[in-house]
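Below are the chains, spelled out letter by letter.
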Amino acid sequence: MRWLVGALLLALAACVTTPPAVRRTLDAAEQHSLLQELQTFSLTGRVAVAAAGQGSTPSVEWQQQRELSRVKLSGPLGVGSLQLDYSADSLRLVTGNGDVLVDAEAQRALTRELGFVPPFEALRYWILGEPAPTDAAKIETRDAGGLLQRLEQQQWLIVYERYMPVTTSTGTAQMPARLTATREGLRLRLVVDRWRLQ
């Protein structure tokens, strides 16, 4: 009988699961270091674009692979969807019809569909809640925890309205969940539903 009780206790013990470890929140210096060294990340969400009295609200998927930014926009656009591949020396755009446009043609198509060409090189950092390292920031305001609240850079004003916790291998980072970038009648608002940091 004792062996039966012992076997039941062992079986019950095997069913007990250990709760996942709670990762501590990264401090400001740790988060800055993580984001500056980050080579790969992705997000999904929605973006509201307003320019020259016109606006659109496509969904957005952003994938960053080192220096390559791949941005997919889908929804209420004139061509249905757009995929952009941006690097420091090239811009490639694929329309929903399968047309492939590069560099100057791609810029003209973006201006036609969005009203302007987004500053992709800096935006790659702004969406992470970091100033772009290529230019000095004119205004940089942070909260008590070190999270960026307002940034003025390259004549754009970026206001960070909300952050969300995102688990990384070293701890929990606080990533932008909603931000608005404006410049001379242009407005770009990003709402992030999901982050993946690698």
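Here, every reference points to the structure presented above.
Anyway, here's the lowdown on the structure attached to this text. (Residues numbered from 1 in each chain as written. Predicted model: local features only at pLDDT ≥ 70, side-chain atom pairs only at ≥ 80, totals over all residues. Heavy atoms only, no water.)

**With respect to the packing of aromatic side chains**
(1) Moving on: Counting across every chain of the model gives five aromatic pairs.
(2) Moving on: Centre to centre, the rings of Phe 41 and Trp 195 are 6.0 Å apart; their planes meet at 50°, and the pair counts as tilted. With Phe 41 in strand 1 (residues 40-51) and Trp 195 in strand 12 (residues 186-197), this residue pair connects regions lying 154 residues apart in the sequence.
(3) Moving on: On the basis of an interplanar angle of 50° and a centroid distance of 6.5 Å, the ring pair of Trp 62 and Phe 120 is categorised as tilted. One end of the pair, Trp 62, is in strand 3 (residues 59-65); the other, Phe 120, is in helix 4 (residues 120-126), and 58 residues separate them in sequence.
(4) Moving on: In this structure an aromatic cluster arises from ring pairing among Trp 62, Tyr 86 and Phe 120. (Phe/Tyr/Trp six-rings, centres within 6.5 Å; stacked < 30°, edge-to-face > 60°. Helix = DSSP H or I, 4+ residues; strand = E, 2+ residues; numbered from the N terminus.)

**Some points on the pattern of salt bridges**
(1) Moving on: The tally for this structure, following the rule as stated, stands at seven salt bridges.
(2) Moving on: Measuring nitrogen to oxygen at the nearest pair gives 2.9 Å for the salt bridge that ties Glu 140 to Arg 142.
(3) Moving on: The class for Glu 140 is partly exposed, based on a relative accessible area of 42%.
(4) Moving on: Arg 178 serves as the salt-bridge partner of Glu 161, at 2.9 Å between the closest nitrogen and oxygen. One end of the pair, Glu 161, is in strand 10 (residues 156-167); the other, Arg 178, is in strand 11 (residues 172-183), with 17 residues separating them in the sequence. (Salt bridge = Lys/Arg side-chain N within 4 Å of Asp/Glu carboxyl O. Buried < 20%, exposed > 50% of the residue type's maximum accessible area, 1.4 Å probe, protein only.)

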